[in-house]
Amino acid sequence: MPTPIPSPWDPQQYDRFKVERSKPFDDLVALLRPRPAPHVVDLGCGTGELTATLLERLGAAEVLGLDNAETMLAEARGRAGVRLRFGHADIAAFYEPGAWDIVLSNAALQWVPDHAATLAHWVASLAPGGQLAVQVPANADHPTHLVADELAHEEPFRSAFAHGRPPPDVVAANVLAPERYAALLYNLGIPDPQVRLQVYCHLLDGPEQAVEWVKGTTLNRFKAALPAALYAEFLACYRERLLARLARDAGAVEGRPYLYPFKRILMWGQA
Ligand SMILES: C[S@@+](CC[C@H](N)C(=O)[O-])C[C@H]1O[C@@H](n2cnc3c(N)ncnc32)[C@H](O)[C@@H]1O
């Protein structure tokens, strides 16, 4: 059994926007073609709340959720039951040739480098006729991401990172253009890949809620890399600069509804 490593993932913070986050998951599941009693694996399952819904929605014979964050798995394991299991695994290394009817992954692949190699392993893990369904965020050009990166390259933050190099934005570093995924899947033997870029319009109570959103995701890398007091300072500067940027560029006003446009790529293919 792998040794648990401390994780910056905080299930409570992540869950604050679970209604908004469940919509892309629903759209992903809707891409799947019905199949009797499929064996399903959910890669990067998080707290397992959405994973658990797959049992009934897909009439699954078995659902396995895999994640490498003990904080998330602790919550997921509380949901385990008949036909629903959770386990610790690195999804970058997931490779179980011909084993699964459905390989699904929602909002997790962006954490993994080399999508060509990873998707090759995931597709190889499909049984004949099996389906792959993957959703990744593609929002690296939104101010919520740009401002974080900008600030991380300024003092006093920059020199606090190992070798003065802030951890990169995984979405910017790893996520490919939608058409690249289509070509990749086709070259992996999927005859009719479906890939789309969708803008999800998340209506938040105010622009300050966008800070709360990214505190559960993209800011995790700074939380993990900075001493607590410096991370608190980083967060305060980030909040101030982001709100000013959203006011300037999007006319966003604190305490008034803010439309957070969030681009995501959804892909589906049948082996
Ligand atoms: C944004 S959350 C998505 C969780 C869930 N799929 C959902 O839709 O609510 C991303 C999850 O991917 C997991 N993750 C990131 N990199 C991983 C890796 N290399 N191996 C396993 N899990 C990983 C994180 O621990 C986190 O739980």
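Quantities reported herein were computed from a predicted structural model and do not represent experimental measurements. Within every chain, residues take consecutive numbers counted from 1 along the sequence as written. Side-chain atom pairs in this predicted model are given and counted only at pLDDT of 80 or more, local residue features only at pLDDT of at least 70, and totals for whole chains, interfaces and linings cover all residues. With hydrogens and water excluded, all non-hydrogen atoms of the structure serve as input to the side-chain values.

**Things to note about the environment of His39**
Defined as follows: A run of H or I in DSSP becomes a helix once it reaches four residues, and a run of E becomes a strand once it reaches two; helices and strands are each numbered from the N terminus.
Within the element layout of this structure, His39 appears in strand β1 (residues 39-43). Distance from His39 to Ala127, taken between C-alpha atoms, is 9.6 Å for residues 88 residues apart in sequence.

**Focus on the sheet that holds strand β2 (residues 62-67)**
Keep this limit in mind: Paired strands are those between which DSSP finds at least two bridges. In this description, a line fitted to the C-alpha atoms serves as the axis of each element, helices being fitted only across the stretch in contact, and the angle between N-to-C directions of two axes falls anywhere from 0 to 180 degrees.
Within the open sheet, the seven strands sit side by side as β3-β2-β1-β4-β5-β7-β6. Their pairing is mixed. Because the sheet does not close on itself, it has two edges, and the strands there are β3 (84-88) and β6 (194-204). Put simply, the sheet's adjacent strands are angled 20° from each other on average, direction ignored. With 11 bridges joining them, β6 and strand β7 (residues 258-270) adopt antiparallel strand pairing.

**Examining the pattern of salt bridges**
We apply this condition: For salt bridges, the criterion is a side-chain nitrogen of Lys or Arg within 4 Å of an Asp or Glu carboxyl oxygen. Per-residue accessibility, obtained with a 1.4 Å probe over protein chains only, is compared with the maximum for each type, and a residue is labelled buried under 20%, exposed over 50%, and partly exposed between these values.
Across all of its chains, the model carries 15 salt bridges by this definition. The salt bridge involving Asp27 is made with Lys23; its shortest N-O contact spans 2.9 Å. In this pair, Asp27 and Lys23 are both assigned in helix α2 (residues 18-30), four residues apart and thus about one turn of the helix distant. Given the relative accessible area of 41%, Lys23 is considered partly exposed. The partner of Arg245 in a salt bridge is Glu150, with the nearest N and O atoms 2.8 Å apart. You can see Arg245 sitting in helix α11 (residues 228-250) and its partner Glu150 sitting in helix α6 (residues 143-152), a full 95 residues away along the chain. Owing to a relative accessible area of 18%, Arg245 belongs among the buried residues under this scheme. A cluster of three or more residues bridged by salt bridges with shared partners is formed by Glu150, Glu154, Arg241 and Arg245.

**Focus: the side chain of Asp67**
Under the convention used in this document: Two residue types count as positive, namely Lys and Arg, and two as negative, namely Asp and Glu; His and chain ends fall outside the count. Any N or O atom pair separated by 3.5 Å or less is treated as a polar contact, with the protein-specific requirement of one donor-capable and one acceptor-capable atom, and with residues adjacent in sequence counted only for side-chain atom pairs. Whether two residues touch is decided by their heavy atoms; if any such pair falls within 4.5 Å, the residues are in contact.
Relative to the elements of secondary structure, Asp67 occurs in strand β2. No salt bridge is formed by the buried Asp67, whose closest oppositely charged neighbour, Arg77, lies at an N-O distance of 9.4 Å. Reaching out from Asp67, the side chain makes a polar contact with the backbone nitrogen of Ala69 at a distance of 2.9 Å. In contact with Asp67, other than residues within four places in its own chain, are Gly44, Cys45, Gly46, Met72, Leu73, Gly87, His88 and Ala89.

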